[in-house]
Amino acid sequence: MGRISQWAVRHPLYGLLSWVVLVVGIVVASVAWGGEYNDDFELPNTESTTAQNLLGELSGTAGTGAGLEGQVVWSPENGTVTDAGPQQAMTDVLTEVSQKPGVLCVFSPYGEPEGSACPEQAAEQGGQQGGQQPAEELPDAAQGPLAHFGQAGISPDGDVAYATVTFEGATFDDLDSDVVLSALEPIQAQDGKDGMLVGANGVFSFVSGEEPSSESIGIAVALVILLFAFGALAGALLPIVSAAISVAVSTGAVLPLVAANLDVALFAPILASMIGLGVGIDYSLFVINRYREAIIHGREPRAAALESVRTSGRAVQFAAATVIIALLGLFVMRINFFNGIAVASALTVFMVMIGALLLLPSVLSLLGTWAFAGRMAWISDREAVARQKLSGVPHVIGRIIRYLGWVLVLPVTIVGWLYRKFVRGGKAPEPHHPSAFARYGNWLQGRPWVLGSISLVVMLVIALPMLSLRQGFSDDGGTAPGTPPRIAYDLTAKGFGPGVNGPFYIAVELPEAGDQAAVTQLTEALMADPGVALAAAPPVAEDSTVVPIQLYPTTAPQDEATTELLFHIREEIVPSVETDTGAQVYVGGFQAVTVDFTKVLTDALPWFLLIVVGLGFLALVVLFRSVVVAAAGALSSLLSLAAALGITVAVFQWGWFGDAINLQATGPIFPFLPIMVFAILFGLSCDYQVFLVSRMHEEWMHTHDNRKAVRRGLAGSGRVVAIAAAIMASVFGAFVLGNDPIIKLFGVALSSAVLLDAFVVRLVFIPSLMAIMGKANWWIPAWLERVLPHFAVESEEDIEAGASEIEDIEDPDERQAEPARV
């Protein structure tokens, strides 16, 4: 990309034209061959998948957990569901739903099923659906709320009723969201009407409406940070505009192309936007910041742009490559669900890299010093003179843009003016006055053991809640109150018990066709367990070789007791029955998928860590020619992950600060969150390691003075790393304000991970460790030095220039008094 970026600087109009052609080509391809997102995934060679496949082969999938079906649940504010008013209202609603395109059958508690393809047996049995045993044949333990629970039913007290709607298709690959939304319309219209509370779950949960967007909040916070960083409106807007355009192209056109070939989850575009905006703004910030520094130190605009793409541009390319490699490392999981998310996120990072290295250099070359037009009011006249190289905009136009900045960001302007007036006393920095990070570097090197130990203890304490990590999938109980899934969840638990929201679907392969005795023995053994509210199977036909059993626990899906029940059934009850009867039993359902998913991830985790961390370590060794620096950078990301997971557990399992983020319910952590957060975090932490230590490495190559290298690395890159982390955390944190529990979870985990990794690990722990290690930081075996390829972020000329620029922000008296130690 280096030559392409330099070509874009020299020929900016052609560079912009190339970007436009690329975007148009992607959009055209997306329109022609784009696919749709879906949440379908399989866990190969797992018991839950086997159960799902066997149940899916049955002639009628209703009530087996296979197929596409949803439940409609309702309750009147006054009276019972069998009163004339509620019954007539819901009968009309269900009839309307049954007439929608794509709806096969609606099982109603008020009469016979309606629809274009209702099973004949269902039509004969009317409202008693689902193939359950008649109540009088059930064990005494099941004579209760679940005695008549099938595909449609009414609670014993008459307060709650439900119906089941089946749709065309067998898996989520076949799910037509428009069809489901059409069927949901009359259901939502009835909610709150005539004193009725009506909800819907099942497949309806996946299409209950668009989540409110919160990206704008993160972008607004990023704009404020950039305004303080650059002090100019145009300079603050450029990174945001570059990243936003690239992310829009990726999510709008690139991801549909991925969805045509891979299973891409419904939340993947939001997650990709979160990652893309964060890294995209950061990448553009690094390029523009180096461009700004070069202009301040006397470069002409085009020469400054060339220097920027040769230095920060190469670092951005390396940083993006580490993020992409880490994300693609998810392929080690061998789960199609992960593959789609990994490719979608990696391509988004690739697109924002292209934007930062093709679109942005072209724009900078065209704008010149106009890139910093619109000086903010808190930039004093003396500071403006100090930055006179950035004042190339005509006076009148510059004033217009400046006052436009007042209007657009008035609150920020007021705060900045007050800061300059009362905190700094209106004084501009004196020439050669050491920067804050230069002073911080000096202070840190005076007490590295203390600061290093404190930072390590802080991270370990924050990570402690991770020891209580419990993994599992969220259910409709974690959705926002008042939404159709949450209404259905609450009403179902109220009328029929908490376990109805998370049934186990069991597939029994019989040793002989029609073996009723084997099914009866298993059902009785299951019902004997106190954690089982109901276990029921249909009568076994003479030619049946596979029989479904539906089991309802006494506890809610998120309850630890439900998971313990699953293990008890799989490890004790089922093996005993299989030995006695010769049948093969497979337990599936919500909890079974969670347990199997967790096991698959646990088995693959060592390989994932070996590949991702190993490749990251090798890349850092090549870049810095150091084993110690590379090992510290790669392994410290695990410390950041542990701390981020500690915060995540405290918030989402324990409920700490839950009200602050509008958390609807506590529960287990998604099984895929730790591994995905690490894939993203590892790439980002390597980014910060590269941008921070590359300046240290430059100074080491220039002076072979470790003390000076660490201090000047902090002076030269500490500020931009801090700004970049603050921006990325604000973008990630903004997504916490949405309602999607998955995105909220990722928002908390990633924003906390970035803040801790940048401000504690990269800016405290790593510099302290490097100050302690001294010259050993840069040790590398001679044989390894000979065989490694040579790759540097900056050329020798750029290193010399960078060193002189860093000297300008350090105190000359301190430099003269500095002891000559390494």
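Residue positions are counted from 1 within each chain, in the order its sequence is given. Only residues with pLDDT of at least 70 get local features here, since the model is predicted, and only at 80 or more are side-chain atom pairs given and counted; chain-wide, interface and lining totals rely on the full set of residues. Processing note: side-chain calculations cover all non-hydrogen atoms of the structure and skip hydrogens and water entirely.

Peer 1: What exactly am I supposed to notice about the overall build of the chain here?
Peer 2: Note on conventions: DSSP H or I runs of at least 4 residues are helices, E runs of at least 2 residues are strands, and numbering of each starts at the N terminus. Each helix and strand in the chain was counted, giving 27 helices and nine strands. For the exposure calls, accessible area comes from a 1.4 Å probe over protein chains only, and a residue counts as buried if that area is under 20% of its type's maximum, exposed if over 50%, partly exposed in between. By the burial criterion, 57% of the 822 residues in the chain qualify as buried. Any two residues whose heavy atoms approach within 4.5 Å at even a single point are treated as in contact. Restricting the contact set of the chain to residue pairs at least 6 apart, pairs at least 24 apart contribute 79%.

Peer 1: Got a minute to help me understand the packing of aromatic side chains in this structure?
Peer 2: Ring pairs (aromatic) are described by centroid distance and by the angle formed between their planes. The rule is short: rings of Phe, Tyr and Trp, with Trp giving its six-membered ring, pair when the centres are within 6.5 Å, and they are stacked under 30 degrees, edge-to-face over 60, tilted in between. Summed over all chains, the structure comprises 14 aromatic pairs. An aromatic cluster is built from F338, F597, F670, F672 and F746, whose rings are joined through pairwise contacts.

Peer 1: For this particular structure, what's the right way to read the sheet that holds strand β9 (residues 584-589)?
Peer 2: Hydrogen bonds along the backbone pair up the strands of a sheet, which may run parallel or antiparallel. Between any two strands, pairing holds if DSSP finds at least two bridges. Spatially, β7-β8-β6-β9 is the arrangement adopted by the four strands of the open sheet, whose pairing is antiparallel. At either end of the open sheet lies a strand with only one pairing partner, and these are β7 (532-536) and β9. Averaged over all pairs of adjacent strands, the angle between strand axes in this sheet comes to 20°, irrespective of strand direction. In this sheet, β9 lies alongside strand β6 (residues 504-509) in antiparallel orientation, the contact comprising six bridges. Looking at β9, one finds that Y505 is bridged to G588. Each axis is a line fitted through C-alpha atoms, taken for helices only over the stretch in contact, and angles between the N-to-C directions span 0 to 180 degrees. Of the strands in this sheet, β6, β8 (546-553) and β9 touch helix α3 (residues 47-56), which is tilted by about 95° from β9.

Peer 1: Is there a simple way to explain the nonpolar core in this structure?
Peer 2: In a soluble, globular protein the nonpolar side chains are often hidden away together inside. Within the largest apolar cluster, 167 residues are counted, with the highest numbers of intra-cluster contacts made by F267, Y283, F338, F672 and F746. Excluding its chain neighbours within four sequence positions, the residues that come into contact with Y283 are V316, A319, A320, V323, V349, V352, M353, A356 and D687. Remark: nonpolar core denotes a set of buried residues (Ala, Val, Leu, Ile, Met, Phe, Trp, Tyr, Cys) joined through side-chain atoms within 4.5 Å.

Peer 1: Got a minute to help me understand empty space enclosed by the protein in this structure?
Peer 2: Picture a little ball the size of a water molecule; that probe, rolled over the atoms, points out where space is still empty. Of the grid points, spaced at 1 Å and generated over the protein atoms alone, those admitting a 1.4 Å probe that cannot get out make up cavities, while open sets with protein on both sides within 12 Å along at least five of seven lines make up pockets; any residue with an atom within 4 Å of a point is treated as lining. Grid points are joined across faces, edges and corners, and a volume is the space filled by probe spheres set on the points. Tallying each qualifying case throughout the model produces three cavities of 30 Å³ or more. For the second largest cavity, the calculated volume is near 40 Å³. Along the walls of the second largest cavity sit R470, Q471, G472, F473, P557, Q558, T563, Q591, T594 and P668, which together make up its complete lining. Side-chain classes follow a simple rule in which Ala, Val, Leu, Ile, Met, Phe, Trp, Tyr, Cys and Pro form the nonpolar group, Asp, Glu, Lys and Arg form the charged group, and the remainder, Gly included, forms the polar group. The class makeup of the residues in the lining of the second largest cavity is three nonpolar, six polar and one charged.

Peer 1: I'm lost on a nonpolar patch on the surface in this one. Help?
Peer 2: A contiguous nonpolar surface patch, about 600 Å² in accessible area, is contributed by I325, W607, L610, I611, L615 and L618. Per-element tally for the nonpolar patch: the top contributor is helix α20 (residues 590-624), with five residues. Tracing the backbone shows L615 in helix α20. Its relative accessible area of 42% is what places L615 among the partly exposed residues. Here a patch means residues that are over 30% exposed by relative accessible area and free of salt bridges, tied together within 9 Å if like-charged and within 5 Å if nonpolar (Val, Leu, Ile, Met, Phe, Trp, Tyr). In these tables, accessible area is a Shrake-Rupley quantity obtained with a 1.4 Å probe, and a residue counts as shielded only by the protein chains included in the view. The term salt bridge refers to a pairing of a side-chain nitrogen on Lys or Arg with a carboxyl oxygen on Asp or Glu at a separation within 4 Å.

Peer 1: Help me out: how do you make sense of the packing of helix α1 (residues 2-10) against helix α2 (residues 12-33) in this one?
Peer 2: Helices that pack against each other are described as a pair by the angle of their axes relative to one another and the distance between those axes. Their axes nearest at 5 Å, the elements α1 and α2 cross at an angle of 120°. In this view, α1 runs oblique relative to α2, as classed from their interaxial angle. Each of W7, A8, V9 and R10 in α1 lies in contact with α2, whose residues at this interface are P12, Y14, G15 and S18. Residues belonging to the contact of α1 with α2 are distributed by class as follows: five nonpolar, two polar and one charged. For classification purposes, an angle smaller than 35 degrees is called roughly parallel, one larger than 145 roughly antiparallel, one from 65 to 115 roughly perpendicular, and anything else oblique.

Peer 1: Just to check I follow, could you spell out the packing of helix α10 (residues 301-328) against helix α22 (residues 673-703) for this structure?
Peer 2: Running from N to C, α10 and α22 point in directions that differ by 160°, and their axes come no closer than 7 Å. Judged by the inter-axis angle, α10 sits roughly antiparallel to α22. As for the relative orientation of α10 and α22, their crossing is right-handed in sense. Residues A315, V316, F318, A319, A320, T322, V323, A326 and L327 of α10 form the contact with α22, whose own contacting residues are A679, I680, F682, G683, L684, C686, D687, V690 and F691. By residue class, the composition of the contact of α10 with α22 is 15 nonpolar, two polar and one charged. We call a crossing left-handed when the near helix sits turned anticlockwise from the far one by less than a right angle, and right-handed when that turn is clockwise.

Peer 1: Help me understand the state of the cysteines in this model?
Peer 2: By definition, a disulfide is the covalent link that joins the sulfur atoms of two cysteine residues. Note on terminology: disulfide denotes any pair of cysteine sulfur atoms within 2.5 Å. Taken as a whole, this structure holds one disulfide when the rule is applied. Between C105 and C118 runs a disulfide, and the two sulfur atoms are separated by 2.0 Å. Classification of the bridge connecting C105 and C118 rests on its S-S torsion, roughly 100°, and on that basis the disulfide is right-handed. With a gap of 13 residues between them, C105 in strand β2 (residues 103-107) and C118 in the loop between β2 and α5 (120-125) connect regions that are remote in the sequence. Residue class for C118 comes out partly exposed when judged on its relative accessible area of 22%.

Peer 1: Honestly, the environment of I669 in this entry has me stumped. Any pointers?
Peer 2: For I669, the position within the fold is in the loop between α21 (627-652) and α22. It is 5.5 Å that separates the C-alpha atoms of I669 and G472, two residues lying 197 residues apart in sequence. Residues within four places of I669 in sequence aside, it is in contact with L469, R470, Q471, G472, T648, V649, F652, Q653 and L745.

Peer 1: Would you explain the side chain of S362 in this entry?
Peer 2: Here S362 is to be found in helix α11 (residues 336-367). Given the relative accessible area of 0%, S362 is considered buried. Within the local environment of S362, its side chain forms a polar contact with the backbone oxygen of L358, the two atoms lying 2.8 Å apart. Excluding its chain neighbours within four sequence positions, the residues that come into contact with S362 are A8, P12, G15 and L16. Polar contacts, as used here, are pairs of N or O atoms within 3.5 Å; protein pairs need one atom able to donate a hydrogen and one able to accept it. Residues neighboring in sequence count only if both atoms are side-chain atoms.

Peer 1: What is the right way to read the side chain of R762 from this model?
Peer 2: Residue position: R762 is located in helix α24 (residues 741-773). Polar contacts involving the side chain of R762 include one to the side chain of S636, which spans 2.9 Å.

Peer 1: Where do I start with the pattern of salt bridges in this structure?
Peer 2: Pairing between side chains of opposite charge can happen when their charged atoms approach one another. Tallied over the full model, the rule gives ten salt bridges. For R712, the salt bridge identified is with E699, shortest N-O distance 3.1 Å. Placement of R712 in helix α23 (residues 706-734) and of E699 in helix α22 is noted, with a sequence separation of 13 residues between them. For the residue pair R712 and E699, the accessibility class agrees, reading buried in each case.

Peer 1: Whenever I open this one, the pairing of strand β4 (residues 161-167) confuses me. Can you help?
Peer 2: By the criterion of burial, β4 is predominantly enclosed, with seven of the seven residues buried. Of the two faces of β4, the one lined by A161, A163, V165 and F167 and the one lined by Y162, T164 and T166 are each fully buried. Here strand β1 (residues 68-76) runs beside β4; their pairing, made up of seven bridges, is antiparallel. In the strand pairing of β4, G70 is matched with V165. Of the pairings in the sheet, the one linking β2 to β4 comprises four bridges and is antiparallel in character.

Peer 1: What is the right way to look at a negative patch on the surface in this model?
Peer 2: Together, E36, E168, D176 and D178 give the surface a local cluster of negative charge. When you line up the elements, E168 lands in the loop between β4 and α6 (177-190). We count Lys and Arg on the positive side and Asp and Glu on the negative side, and we leave His and both chain ends out. Taken as the charge location is NZ of Lys, CZ of Arg, CG of Asp or CD of Glu.

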